[in-house]
Amino acid sequence: MRALTTVLPGLLLITALAGCSEPARDTTTAAPPSTGPAATAPSAAGAGSAAPAAPPSGGKAKCTVKDVAVTITAQPGDDPKVQRGLVAVTNTAKQACTVRGWLTITLVNAADEAVAVPTETVPEPGPDVDVDLKPGTTGFAGIKWTTCDKSETSCGAGNTIRFNFTKSTTGPAAQLDGFPAATKSDITMKSLQVGSLQPATQGVVAW
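Reading guide: rules and limits
Residues numbered from 1 in each chain as written. Predicted model: local features only at pLDDT ≥ 70, side-chain atom pairs only at ≥ 80, totals over all residues. Heavy atoms only, no water. Salt bridge = Lys/Arg side-chain N within 4 Å of Asp/Glu carboxyl O. Helix = DSSP H or I, 4+ residues; strand = E, 2+ residues; numbered from the N terminus. Buried < 20%, exposed > 50% of the residue type's maximum accessible area, 1.4 Å probe, protein only. Polar contact = N/O pair within 3.5 Å; in protein donor to acceptor, adjacent residues only side chain to side chain. 1 Å grid on protein atoms, 1.4 Å probe; cavity = no way out; pocket = protein on both sides within 12 Å on 5 of 7 lines; lining within 4 Å. Points joined across faces, edges and corners; volume = space filled by probe spheres on them. Nonpolar A, V, L, I, M, F, W, Y, C, P; charged D, E, K, R; others polar. Pairing = 2+ DSSP bridges. Phe/Tyr/Trp six-rings, centres within 6.5 Å; stacked < 30°, edge-to-face > 60°. Axes fitted to C-alpha atoms, helices over the stretch in contact; angles between N-to-C directions.

- The protein appears in an unreviewed UniProt entry as DUF4232 domain-containing protein from Actinoplanes philippinensis.

Some remarks on the pattern of salt bridges
Item 1. Counting across every chain of the model gives six salt bridges.
Item 2. The salt bridge involving D112 is made with R162; its shortest N-O contact spans 3.0 Å. Placement of the pair is D112 in the loop between strand 4 (104–108) and strand 5 (119–122) and R162 in strand 9 (residues 160–164), with a sequence separation of 50 residues.
Item 3. D112 gets classed as exposed once you look at its relative accessible area, which sits at 54%.
Item 4. What you see here is one network of salt bridges that share partners, running through K60, R100, D128, D130 and D132.

Concerning the side chain of D130
Item 1. Mapped onto the elements, D130 comes out in the loop between strand 5 and strand 6 (131–133).
Item 2. There is a polar contact of 3.0 Å between the side chain of D130 and the side chain of R100.

Describing the layout of surface pockets
Item 1. There is about 200 Å³ of room inside the largest pocket.
Item 2. Sorting the residues of the lining of the largest pocket by element identifies strand 4 and strand 5 as the ones contributing at least two each.
Item 3. Residue composition of the lining of the largest pocket, grouped by class: four nonpolar, four polar and one charged.
Item 4. Considered as a void within the structure, the second largest pocket measures approximately 170 Å³ in volume.
Item 5. Here the lining of the second largest pocket is built from residues that sort into five nonpolar, four polar and one charged.

Brief notes about the pairing of strand 7 (residues 138–146)
Item 1. With seven of its nine residues buried, strand 7 lies for the most part within the structure.
Item 2. Across four bridges, strand 7 lies against strand 12 (residues 191–195) in antiparallel orientation. Bridged to I143 within strand 12 is V194.

A few points about the packing of aromatic side chains
Item 1. Under the defined criterion, the tally for this structure stands at one aromatic pair.
Item 2. Seen in terms of ring centroids, W145 and F179 are 5.8 Å apart; in terms of plane orientation they differ by 15°. Their pairing is stacked. Of this pair, W145 sits in strand 7 while F179 sits in the loop between strand 10 (175–177) and strand 11 (187–189); the two residues are 34 residues apart in sequence, bridging distant segments of the chain. Take W145 and F179: they sit in the same class, and that class is buried.

A few points about empty space enclosed by the protein
Item 1. Under the defined criterion, the tally for this structure stands at one cavity of 30 Å³ or more.
Item 2. Computed from the structure, the largest cavity encloses a volume of approximately 40 Å³.
Item 3. Lining of the largest cavity is provided by K62, C63, T98, V99, R100 and F165.
Item 4. For the lining of the largest cavity, the residue count by class is three nonpolar, one polar and two charged.

Some remarks on the sheet that holds strand 12
Item 1. Pairing is mixed in the open sheet, where six strands are placed in the order 5-12-7-2-1-10. Only two strands of the sheet have a single neighbouring strand rather than two, namely strand 5 and strand 10. Taking each pair of neighbouring strands and ignoring which way they run, the sheet shows an average axis angle of 20°.

In structure tokens:
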């Protein structure tokens, strides 16, 4: 019986202490809603400023034209009226980034003006996918165009090609390999198709 009377006071003390700590939880209040700049940012974007392009899936860092160098290599074919080019997009930055979808390819004349060419994006050689580019690695796409005689009014003629990840016709010039000399302005395009960016060369110019 003496052991029982020794334990009970301790239990009563623990119960009393637990009861004393309960009001501290009841006095906690939620922080008021934020009224700082972050809360007003959406209305600023809706006032006319363009919203940024959505990043590739998974929230990965999206490549910009400053992160890459592009080389377009001409691919000889049997039909001189149909030409193809292999587009290589190489990450020249110090950090990894991701590309997805279709490049904007723009023919440019000797006056550095964009030449109007009917252009279509096509899911070739397959649908668009995330292409993760570590520094020094490359993604690929194919382009195909119909040539024309420069004397035709509907024929676009230029001496270089620009690229962009947005729909803008501005952007850096691609390095051209196997194309006519720039001084001749002999790159002619009546129509152009641009294939989707892919992680490997397989099939990118076989359509």
